[in-house]
Amino acid sequence: MKFATVLISDTPCLLAKLGEAPPRLVADLCAKAGVPAPTEMRELVLRVDQDPSLVARLAEVWDQATPVDMSSPDWLPPLQNPSKILGVAFNNKELMKKAHRDPGVPNFFLKPPSALQAHGKPIVVDPDWGAVIPEPEVCAVIGKRAKHITAAEALDHVFGFMIHNDVTSHGLKFQKDSIAVTYDPDMARPEFYTWRHLHGEDDRDAYYVYHTRSKGTDTFGPMGPWITTRDEVADPNDLTVRGWLDGELFTEDHTGNYRFRIEECIAEASRYFTLEPGDLISFGTTGKGAGRFPRGHKSLLIGEEQGTIAIEIAPLGRLENPIKHQKGGAD
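Values in this document were obtained by computation on a predicted structure and should not be read as measured data.

Conventions adopted
- Residues numbered from 1 in each chain as written.
- Predicted model: local features only at pLDDT ≥ 70, side-chain atom pairs only at ≥ 80, totals over all residues.
- Heavy atoms only, no water.
- Pairing = 2+ DSSP bridges.
- Helix = DSSP H or I, 4+ residues; strand = E, 2+ residues; numbered from the N terminus.
- Axes fitted to C-alpha atoms, helices over the stretch in contact; angles between N-to-C directions.
- Disulfide = S-S within 2.5 Å.
- Buried < 20%, exposed > 50% of the residue type's maximum accessible area, 1.4 Å probe, protein only.
- Salt bridge = Lys/Arg side-chain N within 4 Å of Asp/Glu carboxyl O.
- Contact = heavy atoms within 4.5 Å.

## Describing the sheet that holds strand β8 (residues 123-125)
Read across the open sheet, the five strands follow the order β8-β21-β20-β17-β18; overall the sheet is mixed. The open sheet terminates on both sides in strands that have one partner only, identified here as β8 and β18 (248-254). Across the sheet, the mean angle separating the axes of adjacent strands is 20 degrees when strand polarity is ignored.

This is how it looks when you write it as structure tokens:
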């Protein structure tokens, strides 16, 4: 089953979708099933954690509920209040070729919930921000609390998967979120330099890069439109990811090219962060280009292009967001 959030008469409402049938309101299905209705997606995720049979019970009463008119839906981000959004940087074998050294573990960063954007809503970019790029990714919704779990246990803690465009501004990152320092000899520890090549014995430079503005600016987190439950995704490490700009393919890649499998990323994250139901983990972008975009997503500079970015991952669906240029970014 798939779940989404839309705005109906100024009220956020949960939708369910089963196969190719028109969606139903989750509240309607719950009424027919005789169970209390969740009012938002995180509550639904928590309810399914407490009662794993809930989705099956909603499916049993599907034909009793009224189809929803989807001629002009007003989409919202499917899950609007995660306690955290984790991303995995450089989790692509193609991108890792440029690394000085393979870190041997997933590199994590955080994205604020305020960056979330809905399907069909604009990605707002100030052209003065320099290089801003899309990053088509698979994103997991955590369904069960996880701490110190193994890779073998990881997928049992996932509610479902959705599409995430992890919009990133390298311009903001290097202009405003980065700083280089030279350590005094007594402060320069060996572990500070295991990740890069040194330029001589006296090289004590360290580079701090904080993915804050670069990843977390408003509208830099388009997600959805649907969350697909885990049982409908046979293997999240075997999904084709495609991205288009106004119908022109700019990337086509495969989650089999991840440097770290999805289960490994979830397990490693759980060593450091308590993963709560409703938390989101995005597993890394594509690395392959197409056509006039030889470097894929890195060749598509949102501040210099117009049009709509579409990302498609079967069986998760298709996420589309128009580009909007605006001085100062989103209102």
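## Describing the state of the cysteines
Per the counting criterion, the structure on display carries zero disulfides. A disulfide-free cysteine, C139 has its sulfur positioned 12 Å from the sulfur of C265, the nearest such atom. With relative accessibility at 0%, the residue C265 sits in the buried group.

## Some words on the pattern of salt bridges
Using the criterion set out here, one finds 22 salt bridges in the structure. Between R259 and D102 there is a salt bridge, with the nearest N and O atoms lying 2.7 Å from each other. Here D102 lies in the loop between α4 (93-96) and β6 (107-111) and R259 lies in the loop between β18 and α8 (262-272), a separation of 157 residues in the sequence. A relative accessible area of 27% means that R259 is categorised as partly exposed. In this structure D102 comes out as partly exposed when scored by relative accessible area, which is 39%. The closest approach of N and O atoms between E276 and R145, which form a salt bridge, is 3.8 Å. In this pair, E276 sits in the loop between α8 and β19 (280-282) while R145 sits in the loop between β10 (136-142) and α5 (151-154), placing the two residues 131 residues apart along the sequence. Take E276: its relative accessible area is 25%, and that puts it in the partly exposed class. What you see here is one network of salt bridges that share partners, running through K111, E135, D166 and K215.

## What to know about the environment of F3
With respect to the helices and strands, the residue F3 is situated in strand β1 (residues 2-8). Counting along the chain gives 22 residues from F3 to L25, while the straight-line C-alpha distance between them is 9.6 Å. With residues up to four places along the chain from it excluded, the contact list for F3 reads L15, A16, V26, M41, L44, V55, L58, F159, P225, W226, I227 and T229.

## Section: the pairing of β1
Counting buried positions over the seven residues of β1 gives five, a clear majority of the element. In terms of strand pairing, β1 meets strand β2 (residues 11-17) through seven bridges, oriented antiparallel. Among the inter-strand pairings, F3 is bridged to a residue of β2, identified as A16. Hairpin connection between β1 and β2: a loop of two residues separates the two successive antiparallel strands, and S9 in this loop has a positive phi of roughly 50 degrees.

## Here we look at unusual backbone geometry
A cis amide bond, omega -5 degrees, links G224 with the succeeding residue P225. Along the chain, the position of P225 falls in the loop between β15 (221-222) and β16 (227-229). Backbone torsion omega between A314 and P315 reads 5 degrees, so that peptide bond is classified as cis. Of note, the phi angle at F90 is positive, near 55 degrees, even though the residue is not glycine. Mapped onto the elements of the fold, F90 is located in the loop between β5 (85-89) and α4. Its identity as a non-glycine residue notwithstanding, H148 has a phi of 55 degrees, on the positive side. For H148, a relative accessible area of 55% translates into the label exposed.

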